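# Breakdown of the fold
Given next are the chains, with one letter for each unit.
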Amino acid sequence: MIAADHIAKAETTIHAPIEEVWNALTNPEMIKKYMFGTTVISDWKEGSKIVWKGEWEGKSYEDKGKILQIEDQKKLQYSHYSPLSGLHDNPQNYHTVTIDLARKDNETMVTLTQDNNPDEKTRDHSEKNWKMMLASLKKLLEEPN
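Residues numbered from 1 in each chain as written. Predicted model: local features only at pLDDT ≥ 70, side-chain atom pairs only at ≥ 80, totals over all residues. Heavy atoms only, no water.

A word on the overall build of the protein. Each helix and strand in the protein was counted, giving three helices and seven strands. Start at the N end of the protein and walk to the C end: the helices and strands fall as β-α-α-β-β-β-β-β-β-α. Computed over the C-alpha atoms, the radius of gyration of the protein is 15 Å, within 12% of the 15 Å expected from 2.2 N^0.38 for a compact globule of 145 residues. Seen along its three principal axes, the alpha-carbon backbone of the protein occupies a region of about 40 × 30 × 30 Å. (Helix = DSSP H or I, 4+ residues; strand = E, 2+ residues; numbered from the N terminus. Rg over C-alpha atoms; globule rule 2.2 N^0.38 Å.)

One finds Tyr78 and Ile99 to be the most contacted residues of the largest nonpolar core, which totals 30 residues. Among residues more than four places away in sequence, those in contact with Tyr78 are Ile50, Trp52, Lys66, Ile67, Leu68, His95, Thr96, Val97, Ile99 and Trp130. (Core = buried A, V, L, I, M, F, W, Y, C linked by side-chain atoms within 4.5 Å. Buried < 20%, exposed > 50% of the residue type's maximum accessible area, 1.4 Å probe, protein only. Contact = heavy atoms within 4.5 Å.)

Okay, the pairing of strand β2 (residues 39-42) next. With burial as the criterion, only one face of β2 is covered, namely that bearing Val40 and Ser42; the residues Thr39 and Ile41 on the opposite face remain uncovered. Where β2 lies against strand β3 (residues 49-56), four bridges are found, and the strand directions are antiparallel. By the bridge assignment, Ser42 is partnered in β3 with Ile50. Counting the residues between successive antiparallel strands, the hairpin from β2 to β3 contains six residues, one of them, Trp44, with a positive phi of roughly 60°. (Pairing = 2+ DSSP bridges.)

What follows concerns the sheet that holds strand β7 (residues 107-114). Taking strand neighbours across the sheet as the criterion, the seven strands line up as β1-β7-β6-β5-β4-β3-β2 in an open arrangement whose pairing is antiparallel. Across the chains shown, the open sheet's two edge strands, defined by having one partner strand only, are β1 (8-14) and β2. Direction aside, the axes of adjacent strands within the sheet are offset by 20° on average. In terms of strand pairing, strand β4 (residues 59-71) meets strand β5 (residues 75-80) through four bridges, oriented antiparallel. (Axes fitted to C-alpha atoms, helices over the stretch in contact; angles between N-to-C directions.)

A few words on the environment of Lys45. Position of Lys45 relative to the elements: it lies in the loop between β2 and β3. In this structure the C-alpha to C-alpha distance between Lys45 and Ile70, which are 25 residues apart in sequence, comes to 7.0 Å.

Attention now goes to the environment of Glu55. Looking at where Glu55 falls in the secondary structure, it is placed in strand β3. On a C-alpha basis, the gap between Glu55 and Phe36 in space is 8.3 Å, while along the polypeptide they are 19 residues apart. Beyond its immediate sequence surroundings of up to four residues, Glu55 is in contact with Phe36, Ser60 and Tyr61.

Attention shifts here to the pairing of β1. The side-chain alternation of β1 yields one buried face, formed by Ala8, Ala10, Thr12 and Ile14, and one unburied face, formed by Lys9, Glu11 and Thr13. Across seven bridges, β1 lies against β7 in antiparallel orientation. Paired with Ala10 across the strands is Leu112, a residue of β7.

Scanning all chains against the criterion turns up two aromatic pairs. Here Trp52 and Tyr78 contribute two aromatic rings whose centre-to-centre distance is 5.1 Å and whose plane-to-plane angle is 50°, an arrangement assigned as tilted. Remark: Tyr78 occurs in strand β5 and Trp52 occurs in strand β3; sequence separation between them is 26 residues. Assessed through its relative accessible area of 6%, Trp52 is described here as buried. Judged by its relative accessible area of 4%, Tyr78 is buried. (Phe/Tyr/Trp six-rings, centres within 6.5 Å; stacked < 30°, edge-to-face > 60°.)

Another aspect to go through is unusual backbone geometry. It is generally the case that most residues other than glycine have a negative phi and that most peptide bonds are trans. Within the chain, Trp44 stands out as a residue other than glycine whose phi angle is a positive 60°. Tracing the backbone through its elements, the reader meets Trp44 in the loop between β2 and β3. With a phi close to 60°, Gln73 is a non-glycine residue in the positive phi region. The topology assignment puts Gln73 in the loop between β4 and β5.

Written as structure tokens, this is what we have:
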């Protein structure tokens, strides 16, 4: 049973146009720069597969999921399963990650949630990682190249 309070949440305001933030969320070259060096493979269409490959804390991984919802410059939602979780590859062991964007002048509000965390410790760990990822995204988009 998943408690509603075990939803990981991270949010930030990025001083960049929503178009640039959206591009960073859906462009594999950009993703690699802020998401811990991850290689992402997807055609970014609803119902399509999404795969993340890389190395985390010294271990190679290949995570997978499916694009559940994609609304240009507004919402990206996907399922996510990681073998590093130690759980079996069953639907009940997938997270749903939802990233919502909102335009505010020339800034973009980014709100990210991840459900299906079995306990507070797991939720807190996920939240910490998502906050680091959003901080890295913010830095990438706000700092001059």
